[in-house]
Structure formats: structure tokens, C-alpha cells
Amino acid sequence: MPFWAWIPLVLLLVLAVLLGVFVLLGRIQNGKYLRPVITFLSKVPLFKRWFQKASIAALERENPELAGAMKKMQAFGEPKSPEQAQRMLNLLTPSERRAYMEAVGQEQQLPEATNRQLRRRMEHGGAGMPVRTKPVSDRPGAAGRKTGKSAKKKR
């Protein structure tokens, strides 16, 4: 048998051994020794996409609401300010928000809405909730002042 005929067989054998090593590393102490290998391999864009797809597929089987929230979070990108983070959370449905908060470990009990308008806003995921865009003055009493210099002229 010629030398070149052994090449496919050797490649298949090497791939089977690599797969066996990955399975073995994954079984030992809940994958403690597999995590650094995966971290190193995820620097390669192709492997990174594969790992993300596998992770999302496993998450969809386990917790579909959290998987939907994670997809929306990835599409939105990294928030750079608290206002952007609030807008990002407003994109989620109430069940997705609950699942995300549980996963992040910041489960907050949202206050029960007392009137119909607030209940509707809560049902629609907080859409329409006001977001403060300009900072409030640090000076005491500045928020309560209604008029500027014209109030002093009338005295």
C-alpha cells in the first residue's frame, strides 16, 4: 500500500484522539482543565463563533427567555453610559428581563404599579419610561428654583 493512502487514516485517528482528550478534560472536575484550552482557542474567530453558537444553543434548551435576552444584548452592543444600559433593558420583554436579572444576580423586585398607566408601561417592558438626559445641578436648592434673574428684579 502506498504512503499517500495512509494520510486520511492518520488524520482521522488524530481527530479522534483530540476529541477524546476534549471529552476527558471536560469530565475532570467539571471542565476545570478544559476552560483554559477553550479560552485560548476562542481567540481564533472561527472557533469563537462555534463556541458562541454552541453556548447559545445550550442556553436555549435550558432557559429560552435568557437566550433571547442575550441575543438582544449582543445585538445592542456594550452600553457606554447608564442611559444606554437603561435603553438596553427596555428592549427586553418582562420575562426576558427577569431571566437576565436572575442570571446577572441582581434580581430586583420591581414595584407594583398602582394605576393603569403604570401597569401598561410595565407590561410593555418599560417602553415610554422617561430617561433623564441632562444632569441635575449639585447645588442644594437648585432644583426647586422656578425662575432665574427675573424674580430678583420684581423685589
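Residues numbered from 1 in each chain as written. Predicted model: local features only at pLDDT ≥ 70, side-chain atom pairs only at ≥ 80, totals over all residues. Heavy atoms only, no water.

1. Focus: the overall build of the protein
When its secondary structure is counted, the protein shows eight helices and zero strands. When the helices and strands of the protein are read in sequence order from the N terminus, they spell out α-α-α-α-α-α-α-α. Every one of the 155 residues in the protein was classed for burial, and the buried ones make up 12%. Taking all contacts inside the protein whose residues are at least 6 apart in sequence as the whole, residues at least 24 apart take part in 32%. Carbon together with sulfur atoms contributes 61% to the accessible area of the protein, which is approximately 13,300 Å² in total. (Helix = DSSP H or I, 4+ residues; strand = E, 2+ residues; numbered from the N terminus. Buried < 20%, exposed > 50% of the residue type's maximum accessible area, 1.4 Å probe, protein only. Contact = heavy atoms within 4.5 Å. Areas by Shrake-Rupley, 256 points an atom, 1.4 Å probe, with all protein chains shown as cover.)

2. Topic: the packing of helix α1 (residues 7-27) against helix α2 (residues 34-41)
Look at α1 against α2: their axes get within 8 Å of each other, and the N-to-C directions meet at 125 degrees. Viewed along their axes, α1 and α2 adopt a mutual orientation that is oblique. In this structure, α1 contributes Phe 22, Leu 25 and Gly 26 to the contact, and α2 contributes Leu 34, Val 37 and Leu 41. (Axes fitted to C-alpha atoms, helices over the stretch in contact; angles between N-to-C directions. Parallel < 35°, antiparallel > 145°, perpendicular 65-115°, else oblique.)

3. Topic: the confidence of the model for the protein
Across the protein, the average pLDDT comes to 80, with 74% of residues at 70 or higher. The spread of mean pLDDT over the elements of the protein runs between helix α8 (residues 150-154), the lowest at 55, and α1, the highest at 93. (pLDDT = per-residue confidence, 0-100.)

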